[in-house]
Amino acid sequence: MKRFFSSIKELILEKKFMILILGGGIGLLSFFIVALISDLDLQSMQDIFSAFPEEFLEFFGDLAVLANPYGFWTMEMLSFIWLYAGILFIFTASSLLSHEVENKTIDLSLSKPISRYNFLGSKITFLYVFIMTTIGIFFLITLGSMAASSTFRTEGIFLERFLAAYFSVVLFLGALAMVAKFMSTIFLSTKKSIALGVMILFIMFFLGEFYVYMDEAIQDIKYISIFYYFNPVDYMVNADTAIFTRDIVILGTINVALIVGSLFIFNRKDIPN
Amino acid sequence: MSKEIIIQIQNLTKYYGKSRGIEKLNLEIYKGEIFGLLGPNGAGKTTTCRVLLDLIRKTSGEAQIFNLDVHHHSIEIRQRTAYLPGDLGLFQEKTARRNLQYLLGLYENHIPIRRIEELAGIFGLDLDRKVKELSKGNKQKVGIVLALAPKVDLLILDEPTAGLDPLITAEFYKILHEQQEETGSTVLLSSHLLGEVEKVAHRVGIIREGSLVEVATVQQLKSMAMKEIKVEFATKVALQKFSDQLPSKIVESVILNETRASFMIAREELTKILNLLSKSEILDIEVTSPALEDIFLKYYEVVS
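Residues numbered from 1 in each chain as written. Chains lettered and ligands numbered in written order. Predicted model: local features only at pLDDT ≥ 70, side-chain atom pairs only at ≥ 80, totals over all residues. Heavy atoms only, no water.

**Some details on the overall build of chain A**
Scanning chain A for helices and strands turns up 13 helices and zero strands. When the helices and strands of chain A are placed in sequence order, the string is α-α-α-α-α-α-α-α-α-α-α-α-α. Seen along its three principal axes, the alpha-carbon backbone of chain A occupies a region of about 65 × 50 × 30 Å. When burial is assessed residue by residue, chain A has 53% of its 273 residues classed as buried. If you average the places of the 18 positive and of the 23 negative side-chain charges in chain A, the two averages end up 23 Å apart. (Helix = DSSP H or I, 4+ residues; strand = E, 2+ residues; numbered from the N terminus. Buried < 20%, exposed > 50% of the residue type's maximum accessible area, 1.4 Å probe, protein only. Lys, Arg positive; Asp, Glu negative; His and termini not counted. Charge placed at Lys NZ, Arg CZ, Asp CG, Glu CD.)

Now the structure itself:
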């Protein structure tokens, strides 16, 4: 275990500024959105949105969601978190292992008494620490901003909904990053795993968000998309525990399957010279 | 040096898809010996080292270190082994000190920083510079400190002196030799530089196209080789007379020039030739053993 934690510590030291900058950056963006919402007349917005076509509103949520401060914040921040942070996590996940292969540092690391499970396991653990810390910083800044905003105070500060959204975001981004990590374990190449990770991300986004526009017979394809199991509006605005539980279970299973698959593949692979 | 076997390889084969890495390699390395694995690029030296460390998996055959299977007991083996890869990759953004602390920290036994600093001092390595700022030679020094710092039973060194200047190379071999004598550790030294291996290795294995073609001590290798004889005769007639009597079946590479003759002969035929020469008028004679390099090249000439 000493070697396992030693590897994680090394990665944290290496990426500490990246974690702070990314978490702080997204947090700052969230702070501006919260400030913007405080200045918005949500009642007038509701009136404006009610004139929009129904399909438009369906795509972005519904009228109640858009006119709700939590709904508006969730739409702006959490629904697009894959864009703000997800792509960077994919880049990080892709390079964690394959950079070591490309820079040949893996030979030195694996010639020491550390098992392949521990070696890759430490990188995967770091990936989740990275995601949890970054999103944690973002959520803390957001909570602080909301606590300072009279609009949100009037609406109420729902810590349990925040916690639910936090776990859901971590598992959702974790699954996206693990797809790239899985690819990186197969190909041991940063370029290939980033390309495939980003490609799969957009395919899943398309399937998970636009399935309603597809032929009804093939709409079940939505079930293979990670995006279909990420519904922060339902947790933040509607406090829908049934959807939250389903999403957490499925996203958790996807994460575990990708972790186990990566460890299994890496344990059987030759380390290229 | 005892007869306890530290590394045992039997019919070890590694194929990368269709291309050969090593094929039916057999080797035994004893406790306390420095074994030089010699061969040109692509012969299979690095593949052998990497299979032994479980970085790549064998296609067939058996390989054991400390009587333990290299795949199933790789962690126990690596706990007692230090490795210097031929193509050294270090963490470029970290200092040499951080690289060493992290990588040596992966061993179960604590390696005191004093030991790292002592070795760095000997090799003139600045531990507090980032690796990306170091020259190739200095990066190699980091690798050498990494290999020499832990107290282990086996060192696997793949082209350890690549990029080092002759003074540092000599210092490295001196320390390696001292450490090996002090601790009784075993060393597998892979190289294509015969001159270096010749000075430190107890035994040498020559690897060609993935298989060992010869394993012997440096002395044995030299004695297996032919002797080179250079003779200066008093007259052209004397040379011609000697040349006529020279048994063509036992000599090789005969060169006759004016009054000089040079040729190669097997060690056991030496008496015959000296008897023949004693009957000739000669001014000078030189009998030399070829350098290990020439013997080594001979093994490769067969292939080419």
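**A look at the overall build of chain B**
Counting its secondary structure elements, chain B contains 11 helices and 14 strands. Projected onto the principal axes, the alpha-carbon positions of chain B cover approximately 75 × 45 × 35 Å. Taken over 304 residues, chain B has a buried fraction of 51%. Considering only contacts within chain B whose residues lie at least 6 apart along the sequence, 68% involve residues at least 24 apart. Taken as two groups, the 39 positive and 41 negative side-chain charges of chain B have centres that lie 3 Å from each other. (Contact = heavy atoms within 4.5 Å.)

**Remarks on the interface of chain B and chain A**
On the chain A side, the residues contacting the 28 residues of chain B number 29 residues. Counting the surface lost from both chain B and chain A, the interface buries some 2,700 Å², and carbon and sulfur atoms represent 51% of this. Counting the contacts that link chain B with chain A gives six salt bridges. A salt bridge links E14(A) to K94(B), with the shortest nitrogen-to-oxygen separation between them at 2.7 Å. The interface formed by chain B and chain A contains 14 residue pairs in polar contact (both at pLDDT 80 or more). Residue assignment for the side of chain B that touches chain A shows that the elements contributing at least two residues are α1 (45–52), α2 (74–79), β6 (81–84) and α3 (96–104) of chain B. Looking at the side of chain B that touches chain A residue by residue, the class counts come to 14 nonpolar, five polar and nine charged. (Buried area = accessible area lost by both parts, 1.4 Å probe. Salt bridge = Lys/Arg side-chain N within 4 Å of Asp/Glu carboxyl O. Polar contact = N/O pair within 3.5 Å; in protein donor to acceptor, adjacent residues only side chain to side chain. Nonpolar A, V, L, I, M, F, W, Y, C, P; charged D, E, K, R; others polar.)

**Here's the deal with the environment of P166(B)**
Along the chain, P166(B) falls in helix α6 (residues 166–183). Considering only alpha carbons, one finds P166(B) and E258(B), 92 residues apart in sequence, at a separation of 41 Å.

**Here we look at the confidence of the model for chain B**
Of the residues in chain B, 93% have a pLDDT of 70 or more, and the chain-wide mean is 88. Mean pLDDT per element in chain B: helix α11 (residues 292–303) of chain B is the minimum at 64, and strand β5 (residues 68–69) of chain B is the maximum at 97. (pLDDT = per-residue confidence, 0-100.)

**Topic: helix α9 (residues 236–245) of chain B**
Residues and elements named next belong to chain B. Among the residues of α9, A238, L239 and F242 are the ones counted as buried. Buried positions in α9, seen along its axis, are confined to an arc of 100° and lie on one side of it. In α9, the exposed positions angled more than 90 degrees off the buried face are occupied by K236, V237, K241 and D244. (Arc of directions from axis to C-beta.)

**Some remarks on the nonpolar core**
Counting residues in hydrophobic clusters, the biggest one holds 160 residues, and the most contacted among them are W73(A), I81(A), I135(A), F172(A) and L173(A). Residue contributions to this core reach at least three from each of two domains, namely domain 1 (1–80 + 153–217) and domain 2 (86–151) of chain B. Grouped together as the second largest cluster of nonpolar side chains are 16 residues, I229(B), F242(B), L246(B) and V251(B) included. (Core = buried A, V, L, I, M, F, W, Y, C linked by side-chain atoms within 4.5 Å. Domains from an automatic or database assignment.)

**So, a nonpolar patch on the surface**
Residues and elements named next belong to chain A. Together, L29, F80, L83, Y84 and F202 make up an exposed nonpolar region whose accessible area comes to about 400 Å². In this structure, F80 sits in the loop between α5 (69–78) and α6 (81–102). Using a relative accessible area of 31% as the deciding quantity, one classes F80 as partly exposed. (Patch = residues over 30% accessible without salt bridge, like charges linked within 9 Å, V, L, I, M, F, W, Y side chains within 5 Å. Areas by Shrake-Rupley, 256 points an atom, 1.4 Å probe, with all protein chains shown as cover.)

**Observations concerning the domain arrangement of chain B**
By domain assignment, chain B separates into domain 1 (1–80 + 153–217), domain 2 (86–151) and domain 3 (226–288). A separation of 41 Å is found between the C-alpha centroids of domain 1 of chain B and domain 3 of chain B.

**Observations regarding the packing of helix α1 (residues 2–39) of chain A against α5(A)**
Residues and elements named next belong to chain A. Where α1 meets α5, the axes come as close as 10 Å, and the angle between the chain directions of the two elements is 145°. The two elements α1 and α5 cross, and the hand of that crossing is right-handed. Across from I26, L29, S30, I33, V34, L36 and I37 in α1, the residues of α5 making contact are P69, F72, W73, E76 and M77. Partitioned by chemical class, the residues of the contact of α1 with α5 number 10 nonpolar, one polar and one charged. (Axes fitted to C-alpha atoms, helices over the stretch in contact; angles between N-to-C directions. Left-handed = near helix turned anticlockwise from the far one by under 90°.)

**Considerations on α1(A)**
A rise of 1.5 Å per residue sets the reference length of α1(A), with its 38 residues, at 56 Å; its end C-alpha atoms lie 52 Å apart and thus fit the reference within 8%. Maximal helix bending in α1(A) amounts to about 60°, located at K15(A). (Expected span 1.5 Å × (residues − 1). Bend = angle between axes of the 7 residues up to and from the residue.)

**Observations concerning the sheet that holds β5(B)**
Residues and elements named next belong to chain B. Spatial ordering of the open sheet is given by β2-β1-β4-β5, a layout of four strands whose pairing is antiparallel. Two strands bound the open sheet, and with one partner strand each, they are β2 (19–30) and β5. The sheet contact formed by strand β1 (residues 5–16) and strand β4 (residues 60–65) spans five bridges and is antiparallel. Bridge assignment links Q8 to a residue of β4, and that residue is Q64. Packing against the sheet, α1 makes contact with β1, β2 and β4, and its axis sits at approximately 115° to β1. (Pairing = 2+ DSSP bridges.)

**Some points on the sheet that holds strand β3 (residues 34–38) of chain B**
Residue and element names in this part refer to chain B. Strand order in this open sheet of six strands is β6-β7-β8-β3-β9-β10, and the pairing throughout is mixed. The open sheet has two free edges, formed respectively by β6 and β10 (211–217), since each of these has just one partner strand. Between one strand and the next, the sheet's axes are offset by a mean angle of 15°, whatever the strand orientation. Pairing of β3 with strand β9 (residues 203–208), which is carried by four bridges, proceeds in the parallel orientation. Its bridge partner lying in β9, L37 is registered against G205. Each of β6 and β7 (154–158) touches helix α5 (residues 136–148); the most contacted strand, β6, lies at about 170° to it.

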